[in-house]
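Commentary on secondary and tertiary structure
As a plain string of letters, each chain reads:
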There are 4 protein chains.
Amino acid sequence: MTKIKLGMVGGGSGAFIGAIHRVAARLDDQFELVAGALSADPNKAKQSAAELGIEPTRCYLDYRDMAEAEAARSDGITAVSIVTPNHLHFPIAEAFLQAGIHVICDKPMTCSLQEALSLQTLATRSGKLFVLTHNYSAYPMIRQARQMVSEGILGRLRLVQVEYAQDWLTTATENSGNKQAAWRTDPRRSGPAGCLGDIGTHAFNLATFVSGLQVEQVSAELTSFVENRILDDNVHAMLRFEQGVRGMLWSSQVAPGNENGLRIRVYGSDGGLEWAQEQPNQLIYSPFAQPSRILSRAGYGYQSGSPHLVRTPAGHPEGYLEGFANLYQETAQAIRLCAAGKSPTEIFANSLLPGVKQGVEGLQFINAMLFSSQNNGQWTALENGHEAS
Amino acid sequence: MTKIKLGMVGGGSGAFIGAIHRVAARLDDQFELVAGALSADPNKAKQSAAELGIEPTRCYLDYRDMAEAEAARSDGITAVSIVTPNHLHFPIAEAFLQAGIHVICDKPMTCSLQEALSLQTLATRSGKLFVLTHNYSAYPMIRQARQMVSEGILGRLRLVQVEYAQDWLTTATENSGNKQAAWRTDPRRSGPAGCLGDIGTHAFNLATFVSGLQVEQVSAELTSFVENRILDDNVHAMLRFEQGVRGMLWSSQVAPGNENGLRIRVYGSDGGLEWAQEQPNQLIYSPFAQPSRILSRAGYGYQSGSPHLVRTPAGHPEGYLEGFANLYQETAQAIRLCAAGKSPTEIFANSLLPGVKQGVEGLQFINAMLFSSQNNGQWTALENGHEAS
Amino acid sequence: MTKIKLGMVGGGSGAFIGAIHRVAARLDDQFELVAGALSADPNKAKQSAAELGIEPTRCYLDYRDMAEAEAARSDGITAVSIVTPNHLHFPIAEAFLQAGIHVICDKPMTCSLQEALSLQTLATRSGKLFVLTHNYSAYPMIRQARQMVSEGILGRLRLVQVEYAQDWLTTATENSGNKQAAWRTDPRRSGPAGCLGDIGTHAFNLATFVSGLQVEQVSAELTSFVENRILDDNVHAMLRFEQGVRGMLWSSQVAPGNENGLRIRVYGSDGGLEWAQEQPNQLIYSPFAQPSRILSRAGYGYQSGSPHLVRTPAGHPEGYLEGFANLYQETAQAIRLCAAGKSPTEIFANSLLPGVKQGVEGLQFINAMLFSSQNNGQWTALENGHEAS
Amino acid sequence: MTKIKLGMVGGGSGAFIGAIHRVAARLDDQFELVAGALSADPNKAKQSAAELGIEPTRCYLDYRDMAEAEAARSDGITAVSIVTPNHLHFPIAEAFLQAGIHVICDKPMTCSLQEALSLQTLATRSGKLFVLTHNYSAYPMIRQARQMVSEGILGRLRLVQVEYAQDWLTTATENSGNKQAAWRTDPRRSGPAGCLGDIGTHAFNLATFVSGLQVEQVSAELTSFVENRILDDNVHAMLRFEQGVRGMLWSSQVAPGNENGLRIRVYGSDGGLEWAQEQPNQLIYSPFAQPSRILSRAGYGYQSGSPHLVRTPAGHPEGYLEGFANLYQETAQAIRLCAAGKSPTEIFANSLLPGVKQGVEGLQFINAMLFSSQNNGQWTALENGHEAS
């Protein structure tokens, strides 16, 4: 099977998430990285391209040039991965979609709801795929959880408790030369949401993915605990889902002892499920009035409809990179279907890939949370009327 | 050392919490059960007394008679344990305090804030001890946690996440002959709070005990998920503590897979702590930027100021009954101090025993939660102005 | 129900195991401590008796006097608990059995197999009960495990992996004033087995209790890791059970990080079980080719034939003291049956109480282990021919 | 950096371990698969090559042709991965080493000690690298463990407890069409060791890797529990390491509930370590007389000398594939050093890569275990005198 030609914008040497995307793209051997605008710094861009085996002629200094040039080549890239800081996602995605190139974009999709809605229109019109890398939704046991919920194994859903706790911003590390911390706590580069935008959106996405339900309203309290920090570093919220389901969301970057503590629990009239990202290969299933069961990835009792995601047998742990690679694998499949004539709309309707829809929802969530918190926790609908301030 | 003569109201044969109190009283050999009004049913009262080795003459059919008669005896009881349904706590406590007998009372203290305030006045005037059995605050590792917080080991406190999840009311078991379920879901016998009063108050008490802080305001959403159930079976709340500390509280009786899932996590500028009631002998301590440590009851690194609570060496698990017995042990000590001339006020000020203060706070919490939930989550102060409806 | 009158030999103030026995006897309110020879030191004996509410006239300085005097009283003790150092178990048990008093004895039963066999004869002839407190066999989930094995739920048994690891003898603490360490590492007071006798016998007993099988042969390697320590502080063994079942046993007192790490795993053709003493309220059951299940004490799926051992609901942890109390509770029942005319033989045959049989087996095990280790791991039968040297 | 040209023998479509090797080789982008003799079945070989993007001219039907042809090409492969059944490892390795091509070989190295010794000689003479994929030794926390031991953080080492338990051979699945089971239980294809060779050798390798010590003697008991199975499916052994260190090894494929339960615990005079493969990102470190600490991959307190193995931050789990890829990454580095003139001897001396030395030790271990088991557990030295029968 021919590999899909991939480009990348951002992700020069030393970048964290760019390297993750490259491993994810490589893992299942479906993509080949052939072009890049890897850094705003020309020297770094060239050096990074050389390290990655990208030919000098396909090492670009500007993403607009790249979109244009690659679209013009007969062997040009079919898809591009966008791994820049958030505020550049929109213009870059726009450039490539307009050039007829599929886009794989890191989250959050954009810095404002308005941009998100524009991108939604743009993507729809383009006939190209826009994939948003909400990677946690692609862990095998999360897929298993979603499937169990959708099959009604938990009965009528009632509760969704989700949390995402980290500790790396416990102190004002943004003032000590930590670049990741610096831009994530800076409203000019991150927009109005701090912890909320960085990891709160992952928790939100996971809650809707597993439950299969929309969040209708939120009541939120955002806090900045570290002195002089402008953006929130802790997020508390109560959630009202459709169908009367209720939930809570906690995300924090000031909770010592939590490395990457994403965790979800869902409960229905007939049972409960519990999953934690740091032990992703197991899912605790508690049928009501029976002993709890430990379901394991690829193990006995694993019934996932995603057999293509099983690379290793039960007991051979897969982790973060494999979860991320699952999105790339499914993107490859989507690109091939698109090439075979299916429309993106059709493809997304029949897949679990996150796309612009999830991106728009993420921004609606951010805005509603900010509005609620600024209004003393007022219950706030997730709609387009609230633009963050 | 002479054993303290103890009476009991409620707790006839078959009762759950009465038996727990008796084991707790017996465990450390400080009390001797010599009198009781164990049941409203005369036959059951007599049979229960006989089984417990209480002399027939000290088996009472009415708690008022018991208070009077025991107060009149030279060898009368020094203290009484009240283990009846909630709505009787107040009149019984009143009767015994007025008779000059110390009271040990199961929680919640009363069914209304008004009664709680009356009881507070009454207890203060009586010169007798009123102990409220918030047993979870007497687990050794909870004592250790409180001590670490109070010594500033976590730095400046920021977050308190507390939860108490059970699953036994997942279905309408109150309609199937389960008596515990029947009275707990019946507003006439339980008052206006269901899950909130039954276990939410434990979670609240634990949060304030460990943090050493008052909750100033709550924003709540109470839900009844089971059809035709009147009282709440799920509680969601955001908490505002004094000193800018923030928190969340979740309590539920409809979360399948949770037996008695009381759990607390607290985070400060210098570290975090995590404890779960179902594994009560360990406390996870995460000093910021260092590996997490597993502190164990009576083990290395255990520095608790409560050495009197250590009955077995590290690795020999103590549990629920031992935790409950800790309250009785400290009550015995308090009674002896009282007999030696210390005032209850002085005694409570120098002990960790829960009393009327915690009882009043519990009712304030219940009322504020009900008010907030009835007012769409409005942030509501814990004060005496909100009487539940 | 009248309480059983109990005496105690050993267990003066400050002693560890004596206090444990007293709590265990008290917990379920079946015993009343009325007599004692609590210490070889007369002053300590008197003071201890006073603290425990034992009348001065029933505070003895010599166990022989006590046996005689109590046997002569119309209100004399029915049973005695022996909690002295090991080498005194035999003569004390002999004195009380001959006086017609039931004996509850801490383990190991005696210091030599010869004494054990004598005691077996003596006990059988006496018509009285001899109960050996192998307390770990009375944990509810261990009872559940034994029952599941005996009902064939695991299919044909194949493997028993048992271990008991501690760390308190990692250094030469016996030279630093630790009295517990001093006598346990001294062959004159402990006999020829160190860690083997102290905790290895518990592991051995648990393995035979859960499996319901005899160990036929052992191949052992005993080691003393701490310089100048004479007795073993680490025990490695392979086990051959009857019916072709195989196993391993590890016990150690020099394994840092292990507080009281008794753990057993058994596997058969149809499933496996796993239990750890430090989390005694759960038992992992893995039916072959199905997800593992978490069985909990008193929880869903708990089918134990020992409902009398359930004091608290699921999720309310019971621990070491409750497990120990289970033996006392069952002993009380046995004593009542004996009083009602059943023979000890009959009673033991219909109960799970450990007695002289388990005591003799324990000594056979110790001797075979010592012999094997002294003979370079030679497979050695558990029979009466090997007396330890 | 130019990618290293890699060939593969074995690993046609549907094969498990071949696919693992390919992902591992790809993960860090150091290798490029350009040639293969992927199957003995010509059609399958061609189809597999096509699927993997190998040019038809470099798809070979015989490994000897491949070795010859690739050696002759100016762009021929630099290294080959051998992922065939065990009995073919030797002749294939021989062919490629003689052709001057580096060899990466799955374990066990050969089926007999004699072959292993021949291969050792051969490899030494060839001047080429022979890497044996004992992948578990390349998990980051295992590297951390080894480093801590070697730095003396545990003090003087005393104990090594290692186990590797699975359950997939609990029933006679070899008779039901499971091909993996069929050849692994067939002495003609697997040699004389069943579970011992398949996973016991991994446990043995891990024990020596972490401790840094040689096993001098073993006392073993091998068992076949499943009816009519010829090879062992359960392995029990006691181990004598150099320097007086003692240990136990259990490996089993008939232990229901164990998916891939490789676990190691090591204890010294100053502390202990505990690691389990199914949660590979954490290592429990217990300094004596202090609380246990949870060390995490890339987290606080992680001091590993292998920073090149950190692909994701703490809390973002890496697993089996990443561990395997670590070996490929280090092999790539070794190949580049070799190209730069370093000798294999020098390279292995300064790396943690497993090679022929570990292969020979593995066969010595297997033979000594078989001899001991056949001689009633006789302590048996790991030397070249015991050839398995």
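Residues numbered from 1 in each chain as written. Chains lettered and ligands numbered in written order. Predicted model: local features only at pLDDT ≥ 70, side-chain atom pairs only at ≥ 80, totals over all residues. Heavy atoms only, no water.

**Details of the environment of Leu249 of chain C**
Condition: Here a helix means four or more residues in a row that DSSP labels H or I, a strand means two or more in a row labelled E, and each is numbered from the N terminus. Here, two residues are considered to be in contact whenever any of their heavy atoms come within 4.5 Å of each other.
Structurally, Leu249 of chain C can be placed in strand β9 (residues 246–252). When the C-alpha positions of Leu249 of chain C and Val160 of chain C are compared, they lie 8.5 Å apart, and in sequence the two are 89 residues distant. Ignoring anything within four residues of it in the chain, the contact list for Leu249 of chain C reads Val162, Gly200, Ala203, Phe204, Val235, His236, Ala237, Leu239 and Phe365 of chain C together with Met248 of chain D.

**Regarding the interface of chain A and chain D**
We count it as follows: Buried area is understood as the total, over both parts, of accessible area removed when two parts are fitted together, assessed with a 1.4 Å probe. By definition, a salt bridge exists where a carboxyl oxygen of Asp or Glu is found within 4 Å of a side-chain nitrogen of Lys or Arg. Polar contacts here mean pairs of N or O atoms no more than 3.5 Å apart (in protein, one a potential hydrogen donor and the other a potential acceptor; neighbouring residues in sequence count only if both atoms are side-chain atoms).
Contacts between the two partners involve 33 residues from chain A, matched on the other side by 33 residues from chain D. A combined buried area of about 2600 Å² lies between chain A and chain D, and 55% of that area is made up of carbon and sulfur atoms. For the chain A face of the interface with chain D, the top three residues by lost area are Arg26, Glu259 and Pro317 of chain A, together amounting to 22%. Between the two partners, chain A and chain D, sit 2 salt bridges. Here chain A and chain D share 16 residue pairs in polar contact (both at pLDDT 80 or more) between them.

**Description of the domain arrangement of chain A**
When the parts of a complex come together, some accessible area is lost, and that lost area is often used as the size of the interface. Residues and elements named next belong to chain A. Keep this limit in mind: Domain ranges listed in this record stem from an automatic or a database domain assignment. Put simply, Ala, Val, Leu, Ile, Met, Phe, Trp, Tyr, Cys and Pro go in the nonpolar bin, Asp, Glu, Lys and Arg in the charged bin, and everything else, Gly too, in the polar bin.
Taken domain by domain, chain A comprises domain 1 (4–136 + 325–356) and domain 2 (152–314 + 362–381). The C-alpha centroid of domain 2 is placed 26 Å from the C-alpha centroid of domain 1. Taken together, the contact between domain 1 and domain 2 spans 21 residues of the former and 23 residues of the latter. Both sides together, the interface formed by domain 1 and domain 2 hides about 1900 Å², and carbon and sulfur atoms give 58% of it. When the buried area of domain 1 at its contact with domain 2 is split by residue, Leu113, His134 and Tyr136 rank highest and sum to 35% of it. One can count 1 salt bridge joining domain 1 with domain 2. A salt bridge links Asp28 to Arg311, with the nearest nitrogen and oxygen atoms 2.8 Å apart. One can count 6 residue pairs in polar contact (both at pLDDT 80 or more) joining domain 1 with domain 2. Elements supplying a minimum of two residues to the side of domain 1 that touches domain 2: α1 (16–27), α5 (113–126) and α10 (320–339). For the side of domain 1 that touches domain 2, the class distribution of residues is 9 nonpolar, 9 polar and 3 charged.

**A word on the relation of the copies chain D and chain C**
Note the cut-off: What sets the superposition is a least-squares fit of C-alpha atoms, and only residues with pLDDT of at least 70 in both copies go into it.
For the pair chain D and chain C, the best superposition has an RMSD of 0.0 Å and corresponds to a rotation of 180° with a translation of 0.0 Å parallel to the axis. In short, the pair behaves as if placed about a two-fold rotation axis. Take the interface residues of chain D: 100% of them recur as interface residues in chain C, which is what a same-surface contact looks like.

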